[in-house]
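# Structural overview
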Amino acid sequence: MTTLSHETVPGPLPDASPGNAPGDETGAAGAAGPTAPPVLSVRDVRITDHVTGREIVHGVSFDLVPGRTVGIVGESGSGKTLTCRAALGILPPHFEITGGSVEISGTDIAALTPRQWTSLRGATISAVFQDPASYLNPSLRVGPQIAEVLRVKKGLGRREARRRTVELLRAVHLRDPELVYRQYTYELSGGMLQRVLIAAAICAEPRILIADEATTALDVTVQAEILDLLADLRESAGLALVVVSHDLAVVAQLCDEVLVMRRGHVVEQGPTRTVLHHPRHEYTRLLIAEHEQYGLDTFLAPREAS
Ligand SMILES: Nc1ncnc2c1ncn2[C@@H]1O[C@H](COP(=O)(O)OP(=O)(O)OP(=O)(O)O)[C@@H](O)[C@H]1O
């Protein structure tokens, strides 16, 4: 992994993902290149809320290959999280995929048994969400919670699981991993917690990581570090990433392809640069205009000249 740097900070003006040469509209090839078979294939997915009988997500499609990143942006309530939860097999109880399909490493998830889901989650597809505290048990030290996942998913013994957990905590750039291992969530800052959660999400070496607003609650500098970390993991482990964000700057920094969602529809989709430089849909233009006040224009301007 590379050293994390505050210089890549973001805020709002990062460049697209590291493998992208200027003008390369196809984006980073990452570990496997764009022609590798997709690890995640979402085809015209529709999601219905059975309480209201209404379709909430009206057809989302994308393919994700190792080492690449797909971004999903859009206003609150547009269906970004539901789409991710559908791919993870964790839709809220009264929601259901009512059209299309999701394939993980070539397997249609509709055919998976609960037992198969259990072995797939964490080991093949994993996720980091916005609120770390809600995914870690506050009454247990954080290290043993990750070690437990390693024991279950990787069959490691107690001592080896502990050793590997400390290694993972170091890999996500926590300064004193031995100490963090023994700490409780309330003892950690937001940025530290988010790193712990990333360590937990990647501990079983998944091929796909979904980061749903994973940096939203963090200040700009910590957000930059976490984004760097995700980019590092993508490069070093060939992770395929799905990044959900309301922040176009985050998407500009990390994603090869972007989907713009509004009210359950994908209104625009394509290589990140094409979408950000030449938005075709009025709503995408609006999103970009909203970001310009934070400096996305300085990201866009040099590219327009190239
Ligand atoms: N557990 C739930 N129960 C009831 N309605 C839900 C639930 N989860 C999502 N919804 C509804 O489904 C729609 C899509 O929600 P979703 O969480 O996918 O949006 P989102 O784009 O991720 O929004 P945000 O950016 O605020 O997270 C919204 O109208 C939301 O209110």
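Just so it is clear, the model here is predicted, and its values are computed rather than measured. (Residues numbered from 1 in each chain as written. Predicted model: local features only at pLDDT ≥ 70, side-chain atom pairs only at ≥ 80, totals over all residues.)

### Quick look at the overall build of the chain
Of regular secondary structure, the chain possesses 11 helices and 10 strands. Residues counted as buried form 43% of the 306 residues belonging to the chain. (Helix = DSSP H or I, 4+ residues; strand = E, 2+ residues; numbered from the N terminus. Buried ≥ 20, exposed ≤ 12 C-beta atoms within 10 Å, placed from the backbone.)

### Re the sheet that holds strand β8 (residues 240–244)
Either a parallel or an antiparallel arrangement is found when strands of a sheet pair, and the pairing is made through backbone hydrogen bonds. Taken in spatial order, the 6 strands line up as β6-β7-β8-β3-β9-β10 in an open sheet, and their pairing is mixed. Of all strands in the sheet, those with a lone pairing partner are β6 (125–128) and β10 (265–271), marking the two edges. Sheet twist, expressed as the mean angle between neighbouring strand axes with direction ignored, is 15°. Two strands pair when backbone bridges link them, and strand β7 (residues 208–212) and β8 are joined in this way by 5 bridges, in the parallel orientation. Residue pairing across strands places A211 opposite V243, the latter belonging to β8. (Pairing = 2+ DSSP bridges. Axes fitted to C-alpha atoms, helices over the stretch in contact; angles between N-to-C directions.)

### Topic: the nonpolar core
If you look at the biggest cluster of nonpolar residues, it comprises 81 residues, and the most contacted ones within it are A199 and L209. Looking at this core, the element that brings in the most residues is helix α6 (residues 190–202), giving 9 residues. Counting contributing residues, this core receives three or more from each of domain 1 (1–12 + 36–105 + 216–306) and domain 2 (132–206). For L209, the residues in contact, after removing those within four places along its chain, are S126, A127, V128, A201, I202, L239 and L241. (Core = buried A, V, L, I, M, F, W, Y, C linked by C-beta atoms within 7 Å. Domains from an automatic or database assignment. Contact = placed C-beta atoms within 7 Å.)

### Some thoughts on the site of the ligand
Contacts to the ligand come from I56, G74, S76, G77, S78, G79, K80, T81, L82, P92 and H246. Looking at the shell around the ligand element by element, the count peaks at 3 residues for helix α1 (residues 80–88). Here the shell around the ligand is composed, by residue class, of 3 nonpolar, 7 polar and 1 charged. (Near = placed C-beta within 6 Å. Nonpolar A, V, L, I, M, F, W, Y, C, P; charged D, E, K, R; others polar.)

### Here's the deal with helix α10 (residues 282–292)
What sets the pattern is the α-helix's 3.6 residues per turn: residues three or four places apart point alike. What α10 keeps buried is the set T284, L287 and H291. One face of α10 carries all of its buried residues, which in axial projection span an arc of 60°. The outward face of α10, more than 90 degrees from its buried face, is lined by the exposed residues E282, R285, A289 and E290. (Arc of directions from axis to C-beta.)

### Some words on the pairing of strand β3 (residues 69–74)
Where burial is concerned, most of β3 is hidden: 6 out of the 6 residues are buried. Burial along β3 is two-sided: the face carrying T69, G71 and V73 and the face carrying V70, I72 and G74 are both buried. Sheet topology note: the β3/β8 ladder contains 4 bridges and is parallel. The partner of T69 across the bridge, within β8, is L241. Looking at chain direction, β3 and strand β9 (residues 257–262) are connected through 5 bridges and run parallel. Counterpart to G74 in the pairing with β9 is M261.

### A short note on the sheet that holds strand β4 (residues 95–104)
Spatially, β2-β1-β4-β5 is the arrangement adopted by the 4 strands of the open sheet, whose pairing is antiparallel. The two strands at the open ends of the sheet, each matched to only one other strand, are β2 (54–64) and β5 (107–108). Sheet analysis places strand β1 (residues 40–49) next to β2, joined by 8 bridges and oriented antiparallel. The residue bridging S41 from the neighbouring strand is D63, located in β2. Here α1 sits on the sheet in contact with β1, β2 and β4, set at roughly 115° to β1.

### Regarding the domain arrangement of the chain
Splitting the chain by domain gives domain 1 (1–12 + 36–105 + 216–306) and domain 2 (132–206). Facing 9 residues of domain 1, the contacting portion of domain 2 comprises 8 residues. Its residues assigned to classes, the side of domain 1 that touches domain 2 comprises 8 nonpolar, no polar and 1 charged.

### Quick notes on the packing of helix α3 (residues 142–154) against helix α4 (residues 158–171)
One can describe the packing of α3 onto α4 by two numbers: an axis separation of 9 Å at closest approach and a directional angle of 120°. Here α3 lies oblique to α4, going by the angle between them. Helix-helix and strand crossings are classified by hand; for α3 and α4 the assignment is right-handed. The segment α3 lies against α4, with G143, I146, A147, L150 and R151 engaging A161, R162, R164, T165 and L168. For the contact of α3 with α4, a count of residues per class yields 5 nonpolar, 2 polar and 3 charged. (Parallel < 35°, antiparallel > 145°, perpendicular 65-115°, else oblique. Left-handed = near helix turned anticlockwise from the far one by under 90°.)

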